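One letter stands for each residue in the lines below.
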Amino acid sequence: RYYAHHDGEAATVAEALDSHYQPRFGGDCIAADQLGQVLAVAERLDTLAGIFAVGMKPGGNKDPFALRRAALGLARTLIEGGLELDLRGSFIEALELLPDSALAAGLKPGKDGKRPSLNAGERRAILLDELCEFVFERLRGYYAEQGFAHAPFESVLAVQPTSLVDFDRRLRAVVEFGRCPQAASLAAANKRVANILRKQAEEADAPPIGRTVDPAHFEADAERELAVALADARRDSATALAAGDYAAVLARLAQLQVPVDAFFDSVLVNDDDPDVRANRLALLNQLKTQFGTVADIALL
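Conventions used here
Residues numbered from 1 in each chain as written. Predicted model: local features only at pLDDT ≥ 70, side-chain atom pairs only at ≥ 80, totals over all residues. Heavy atoms only, no water. Phe/Tyr/Trp six-rings, centres within 6.5 Å; stacked < 30°, edge-to-face > 60°. Helix = DSSP H or I, 4+ residues; strand = E, 2+ residues; numbered from the N terminus. Buried < 20%, exposed > 50% of the residue type's maximum accessible area, 1.4 Å probe, protein only. Lys NZ or Arg CZ within 6 Å of the ring centre and 35° of its normal. Contact = heavy atoms within 4.5 Å. Expected span 1.5 Å × (residues − 1). Bend = angle between axes of the 7 residues up to and from the residue. Core = buried A, V, L, I, M, F, W, Y, C linked by side-chain atoms within 4.5 Å.

Here we take up the packing of aromatic side chains. The geometry of an aromatic ring pair is captured by two quantities: the separation of the ring centres and the angle between the planes. The full count for this structure, using the stated rule, is eight aromatic pairs. Ring centres of Phe 136 and Phe 167 lie 5.5 Å apart, and the angle between their planes is 45°; this geometry places the pair in the tilted category. With a gap of 31 residues between them, Phe 136 in helix H7 (residues 120–145) and Phe 167 in helix H9 (residues 164–178) connect regions that are remote in the sequence. Overall, Phe 136 belongs to the buried group, its relative accessible area being 12%. Taking the relative accessible area as the measure of exposure, Phe 167 reaches 0% and is therefore buried. A connected cluster of aromatic rings, assembled from ring pairs, spans Phe 136, Tyr 142, Tyr 143, Phe 148, Phe 153 and Phe 167. In this structure, Arg 1 is placed above the aromatic ring of Tyr 2, and the distance from its NZ or CZ to the ring centre is 5.2 Å. The residue whose ring lies beneath Arg 138 is Phe 134, and the NZ or CZ to ring-centre distance is 4.6 Å.

So this is what it looks like as structure tokens:
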């Protein structure tokens, strides 16, 4: 920064040369200037991708290149700076910029002394998953220190938001949703729905579970009422969902508690009639999908 000022560089450039190192330690602020934030993100993406690629990611308590701090700094800068960036897409680009020779250098020999026979594309795909998991591991601690419980974090992680700013909005909305009286009942119902759909999918020779519901196959008032209530909720929350107002989306979905409970109280999903059964499974599939637009509520 001092040299940049001395050489007549723009003040924003000189400031970013210093501020992009923030946060330097726990409790330190992120860069206050936007150029510094962008540079901080780029530097950390490149550092993490490069060192992971050459096979020197942290192990146990050892972290000689301070990659855990770099990952947390990356996440904090994105979230606290409000930078809407596709984390996975950014790591893809960072890995693409690395030469194939660097990727090969990171392949460690197995017990037989031979290196795995992975091409560059396969190696980048493995590294991409490792890098994203590494960042989200840091985020667990980041949110735990702020008092966020484990379950809401996992429920949002399950739907894999592309942006950490979006992840933060979803997490805060789920925590707020968890305080409403309908939350426990709807979480239990979502878990029940997930179990029913999973068991159906695991059955031998079972047809794929559809998403289209045919009112002609309704036999009980409870399933008709749930279908109407679900369609209304989907329509009412569409604008809020598009705007990222997840608290409003979940508040609207909370109103489904009564028809959902009525459905499970009076409707047998596995009806003997295959068309009726398939239609009810499709209805539950729609319900699961709608709740999954924000987070996996079943994990609450």
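Considering the arrangement of structural elements, one finds Ser 155 in helix H8 (residues 150–157). Overall, Ser 155 belongs to the buried group, its relative accessible area being 0%. Ser 155 has contacts with Val 174, Ala 295, Asp 296, Leu 299 and Leu 300, leaving out every residue within four places of it along the chain.

On to helix H11 (residues 221–242), then. Its 22 residues place the ends of H11 32 Å apart at the C-alpha level, agreeing with the 32 Å of an ideal helix rising 1.5 Å per residue. Within H11, the axis deviates most sharply at Asp 236, by approximately 35°. Regarding H11, the residues found buried are Ala 222, Glu 223, Leu 226, Ala 227, Ala 229, Leu 230, Ala 233, Ser 237 and Ala 240. In this structure, the buried residues of H11 make contact with helix H12 (246–253), helix H13 (257–266) and helix H14 (274–291). The positive-phi residue at the C-terminal boundary of H11 is Gly 244, with phi of around 75°.

Here the focus is the nonpolar core. Judged by nonpolar contacts, the single largest core of 78 residues is most densely connected at Leu 48, Leu 74, Phe 91, Leu 139, Tyr 143, Leu 164 and Leu 256. When residues in this core are grouped by element, the largest group, 10 residues, is from H7. Excluding residues within four positions of it along the chain, Leu 48 makes contact with Leu 67, Ala 70, Ala 71, Leu 74, Phe 91, Leu 131 and Phe 134.

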